[in-house]
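Here are the chains, one letter per residue:
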Amino acid sequence: MDQRIFKRAMDIIGSLIGIIILSPFMLLTAVAIKAYDRGPVFFKQARLTQDGREFGIIKFRSMCIESEKNGAQLAKKHDDRITPVGRLIRKIHFDEIPQLFNILKGDMSIVGPRPERQEIASQYEEIIPEFRYRLKVKAGLTGYAQVYGKYNTTPYDKLKLDMLYIENYSFWLDIKILLMTFKVILQKENSEGIDENQITALKREIESKTTTK
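All figures in this text were calculated on a predicted structure; none of them were measured in a lab. (Residues numbered from 1 in each chain as written. Predicted model: local features only at pLDDT ≥ 70, side-chain atom pairs only at ≥ 80, totals over all residues. Heavy atoms only, no water.)

Chemist: Mind showing me how you'd approach a nonpolar patch on the surface here?
Modeler: A cluster of nonpolar side chains, Ile12, Ile13, Leu16, Ile17 and Ile21, forms an exposed patch at the surface whose accessible area comes to about 440 Å². For Ile17, the location among the structural elements is in helix 1 (residues 2-37). (Patch = residues over 30% accessible without salt bridge, like charges linked within 9 Å, V, L, I, M, F, W, Y side chains within 5 Å. Areas by Shrake-Rupley, 256 points an atom, 1.4 Å probe, with all protein chains shown as cover. Salt bridge = Lys/Arg side-chain N within 4 Å of Asp/Glu carboxyl O. Helix = DSSP H or I, 4+ residues; strand = E, 2+ residues; numbered from the N terminus.)

Okay, here's the thing in structure tokens:
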């Protein structure tokens, strides 16, 4: 119980401080996005958090307005849906900043598993049923998988990293991950999308099941 109280206190205090300090940069980002194509500044989407509950995640829009007219899909390397402004803010992770409001509201935590879309999570769970175990805790802005992995880390490896965090959770582990986050923010490859030819854990499992039939 004490751990949960400390974690929520850190979420409230941390998100408030972040919103206050970063507000000038958020304003500049909003102006740049609006000036580029006159489209909406924010991108809102249903994501999963603790116990499979859906919430509306808030991010700065980094893609063109009709980026998902063909359905849900992960961002790829050199994705032509990403706008010039979006490419910059994704590189420096500024597109993630509005999630501080999700944290303040209580839908997310500063540290936790990356929030996935129901459509994407369902695809993973068809091949890796244990993927749903990540939902034992709130989704996070940063986390074990985000620090030790990358955006294009395979689903199976994301699961292993997130389960390590959940099974070994402590308030001090959150502090350690938070401090490490500032280091990985400067690493470009952590924000790169998946390669179209990348052999992910999901693809390996599908191929394995196909060959054994």
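Chemist: Just to check I follow, could you spell out the environment of Arg132 for this structure?
Modeler: Looking at the element boundaries, Arg132 is found in the loop between helix 4 (118-127) and strand 4 (139-142). Sequence separation of Arg132 and Gly52 is 80 residues, and the distance between their C-alpha atoms is 8.0 Å.

Chemist: I tried to follow the packing of aromatic side chains on my own but got confused; where do I start?
Modeler: Each aromatic ring pair is described using two quantities: the centre-to-centre distance and the angle formed by the ring planes. Considering all chains together, one arrives at seven aromatic pairs under this definition. Look at Tyr165 and Tyr169: their rings are 5.7 Å apart centre to centre, the planes differ by 80°, and that puts the pair in the edge-to-face class. By relative accessible area, Tyr169 is classed as partly exposed at 24%. A centroid spacing of 5.5 Å and a plane angle of 70° characterise the contact between Phe171 and Trp172, whose relative ring orientation is edge-to-face. For Phe171, a relative accessible area of 18% puts it in the buried group. An aromatic cluster is present here, built from Phe6, Phe171 and Trp172 joined pairwise through their rings. Positioned over the ring face of Tyr133 is Lys136, at 5.4 Å from the centre of the ring. (Phe/Tyr/Trp six-rings, centres within 6.5 Å; stacked < 30°, edge-to-face > 60°. Buried < 20%, exposed > 50% of the residue type's maximum accessible area, 1.4 Å probe, protein only. Lys NZ or Arg CZ within 6 Å of the ring centre and 35° of its normal.)

Chemist: Just checking my understanding: could you explain the pairing of strand 1 (residues 42-48) for this structure?
Modeler: Note that strand 1 and strand 2 (residues 54-60) share seven bridges and pair antiparallel. By the bridge assignment, Lys44 is partnered in strand 2 with Ile58. (Pairing = 2+ DSSP bridges.)

Chemist: Looking at this structure, I do not really get the nonpolar core. What am I missing?
Modeler: A general feature of soluble globular proteins is that nonpolar side chains tend to end up buried together. By size, the foremost hydrophobic cluster in this structure holds 34 residues, and its most contacted members are Phe60, Tyr144, Tyr165 and Ile177. Once residues within four sequence positions are removed from consideration, Phe60 is found in contact with Met26, Thr29, Ala30, Ile33, Val41, Phe42, Phe43, Ile89, Phe94, Asp95 and Pro98. (Core = buried A, V, L, I, M, F, W, Y, C linked by side-chain atoms within 4.5 Å. Contact = heavy atoms within 4.5 Å.)

Chemist: Got a minute to help me understand the packing of helix 1 against helix 2 (residues 84-91) in this structure?
Modeler: Between two packed helices, the angle of one axis relative to the other and the distance separating the axes together describe the packing. The contact between helix 1 and helix 2 brings their axes to 9 Å, and the two run at 155°. By the angle class used here, helix 1 and helix 2 are roughly antiparallel. Packed against helix 1, whose contacting residues are Thr29, Ala32, Ile33 and Tyr36, the element helix 2 presents Pro84, Val85 and Ile89 at the interface. The residue makeup of the contact of helix 1 with helix 2, split by class, is six nonpolar, one polar and no charged. (Axes fitted to C-alpha atoms, helices over the stretch in contact; angles between N-to-C directions. Parallel < 35°, antiparallel > 145°, perpendicular 65-115°, else oblique. Nonpolar A, V, L, I, M, F, W, Y, C, P; charged D, E, K, R; others polar.)

Chemist: Help me out: how do you make sense of the pattern of salt bridges in this one?
Modeler: When charged atoms on two side chains of opposite charge get close, those side chains can pair. Evaluation of the coordinates by the stated rule reveals 11 salt bridges. The salt bridge involving Asp107 is made with Arg53; its shortest N-O contact spans 3.2 Å. Placement of Asp107 in the loop between helix 3 (99-105) and strand 3 (108-111) and of Arg53 in the loop between strand 1 and strand 2 is noted, with a sequence separation of 54 residues between them. Here Lys59 ties to Glu96 by a salt bridge, and the two come within 3.7 Å at their closest N and O atoms. Of this pair, Lys59 sits in strand 2 while Glu96 sits in the loop between helix 2 and helix 3; the two residues are 37 residues apart in sequence, bridging distant segments of the chain. As far as burial versus exposure is concerned, Lys59 and Glu96 are alike and both buried.

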